[in-house]
Amino acid sequence: YAQRQKAYVRQWQLIEALMEHGKPIMIFNGDLQSTGYDEANYAATRSHVLLTMPAISPWVDYATLHFPNPHAATEWVSNHPDNRSINFCYVGNSYKIYDKVARELANVDGEIYGSWPETTPMPKLKADMPLIDFKGRLDQRELYQALANARWTKHFSKPEYLSAGFIAQRWYEAANAGVIA
């Protein structure tokens, strides 16, 4: 399916153009969704492409990479956890983790960013987690500030990620925002 998407085709056009000009290329497989087509192309371009993923034990030919926030130190000093306006903040989508999250956050006061209002009716969300304010999707550029406003966060992951040794970048984002996880 990905082969037919315009953005996917454009991605490979850019990779090929960079290779033609001898430019280094780093590909971050952030969702463990590579196709067989991807892997065949990566193998053919191995000398020009560094493949990375956010995992302790990455797949063969992949390296571990997490993205830092270069402003973390100054943000944390100016926004110490004792002075934060939000008790709890979770950033992540609701796929395959709803029941676990609802159980663990039933009595927690805070905010959740992600696809929650799109995938579950608001009355159910409010019945299961009455103290949570569901904010909807969050632009990646706003993620650190959302986390930095909270005293603490929690990490949830769908079972397929855990069984593959996948570690979402959320733990690193939380650390860079200076929020307790």
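Quick caveat, the model's predicted, so the values are computed rather than measured.

Colleague: Explain the packing of aromatic side chains to me, and be specific about the residues and the numbers.
Modeller: One pass over the full model with this rule turns up five aromatic pairs. Here Tyr90 and Phe156 contribute two aromatic rings whose centre-to-centre distance is 5.2 Å and whose plane-to-plane angle is 80 degrees, an arrangement assigned as edge-to-face. Here the residue Tyr90 occupies a position in strand β4 (residues 86–91), and Phe156 occupies one in the loop between β7 (150–152) and α8 (159–163), the gap between them amounting to 66 residues. Across this residue pair, the class does not change: Tyr90 and Phe156 are buried. On the basis of an interplanar angle of 45 degrees and a centroid distance of 5.9 Å, the ring pair of Tyr98 and Trp116 is categorised as tilted. You can see Tyr98 sitting in helix α4 (residues 98–104) and its partner Trp116 sitting in helix α5 (residues 116–119), a full 18 residues away along the chain. Per residue, the accessibility class of Tyr98 equals that of Trp116, and both read buried. Among the aromatic side chains, those forming a connected cluster through ring pairs are Tyr90, Tyr98, Trp116, Phe134 and Phe156.

Colleague: Could you give me a rundown of helix α1 (residues 6–20), with the residues and numbers involved?
Modeller: Its 15 residues place the ends of α1 21 Å apart at the C-alpha level, agreeing with the 21 Å of an ideal helix rising 1.5 Å per residue. Where α1 terminates, the next one or two residues include Gly22, which has phi positive at roughly 70 degrees.

Colleague: Go over helix α9 (residues 170–177) with me, naming the residues and quoting the values.
Modeller: Buried within α9 are the following residues: Glu173, Ala174, Asn176 and Ala177. Take α9 and look down its axis: the buried residues cluster within an arc of 165 degrees, on one side only. Looking one or two residues past α9, Gly178 carries a phi angle of roughly 75 degrees, positive in sign.

Colleague: I'd like a rundown of the pairing of β4, residues and numbers included.
Modeller: Strand residues, when the strand is regular, have side chains that alternate between the two faces of the sheet. Counting buried residues in β4 gives five out of six residues, a clear majority hidden from the surface. Alignment of β4 against strand β5 (residues 110–113), held across three bridges, turns out to be parallel. Bridge pairing links Tyr90 to Ile112 in β5. For the segment spanning β4, α4 and β5, crossover handedness is right-handed.

Colleague: Describe in detail the side chain of Thr153, supporting the description with residues and values.
Modeller: Of note, Thr153 is situated in the loop between β7 and α8. Those residues in contact with Thr153, other than ones at most four positions away along the chain, are Phe88, Cys89, Tyr90, Leu147, Ala174, Val179, Ile180 and Ala181.

Colleague: Hey, could you go over the sheet that holds β4 for me, with residue numbers and the actual values?
Modeller: Strand order in the open sheet made by the four strands is β6-β5-β4-β7, with parallel pairing throughout. With one partner strand each, in any of the chains shown, β6 (132–136) and β7 form the two edges of the open sheet. Averaged over all neighbouring strand pairs, the angle between strand axes comes to 40 degrees, with direction disregarded. When β5 meets β6, the two strands line up parallel, connected through four bridges.

Colleague: A description of the nonpolar core should follow, citing residues and the corresponding values.
Modeller: The biggest cluster of nonpolar side chains holds 15 residues, and the ones touching the most others in it are Val101, Leu105, Ile112, Trp116 and Met129. At the level of secondary structure, the elements contributing two or more residues to this core comprise β4, α4 and β6. With three residues, α4 is the single largest residue contributor to this core. Core analysis: the next-biggest nonpolar cluster, separate from the first, contains 13 residues, Leu143, Tyr144, Leu147 and Ala150 among them.

Colleague: An account of the pairing of strand β2 (residues 49–53) is needed here, citing residue identities and associated values.
Modeller: Burial analysis of β2 places four of its five residues in the buried class, the great majority of the element. In this sheet, β2 lies alongside strand β1 (residues 25–28) in parallel orientation, the contact comprising four bridges. Note that in β2 the partner of Phe28 across the bridge is Thr52.

Colleague: Describe the confidence of the model for the protein chain, and please don't skip the residues or the numbers.
Modeller: The share of residues in the protein chain with pLDDT of 70 or more is 74%, and the mean pLDDT across the chain is 77. At the level of individual helices and strands, the protein chain shows its lowest average pLDDT in helix α3 (residues 72–78), which scores 46, and its highest in helix α6 (residues 122–128), which scores 95. Under a pLDDT of 50 for its full length, residues 68–77 has, in the predicted model, 12 contacts with residues more than four places off or in other chains.

What counts as what
- Residues numbered from 1 in each chain as written.
- Predicted model: local features only at pLDDT ≥ 70, side-chain atom pairs only at ≥ 80, totals over all residues.
- Heavy atoms only, no water.
- Phe/Tyr/Trp six-rings, centres within 6.5 Å; stacked < 30°, edge-to-face > 60°.
- Helix = DSSP H or I, 4+ residues; strand = E, 2+ residues; numbered from the N terminus.
- Buried < 20%, exposed > 50% of the residue type's maximum accessible area, 1.4 Å probe, protein only.
- Expected span 1.5 Å × (residues − 1).
- Arc of directions from axis to C-beta.
- Pairing = 2+ DSSP bridges.
- Right-handed = clockwise from strand over helix to strand, strands pointing away.
- Contact = heavy atoms within 4.5 Å.
- Axes fitted to C-alpha atoms, helices over the stretch in contact; angles between N-to-C directions.
- Core = buried A, V, L, I, M, F, W, Y, C linked by side-chain atoms within 4.5 Å.
- pLDDT = per-residue confidence, 0-100.

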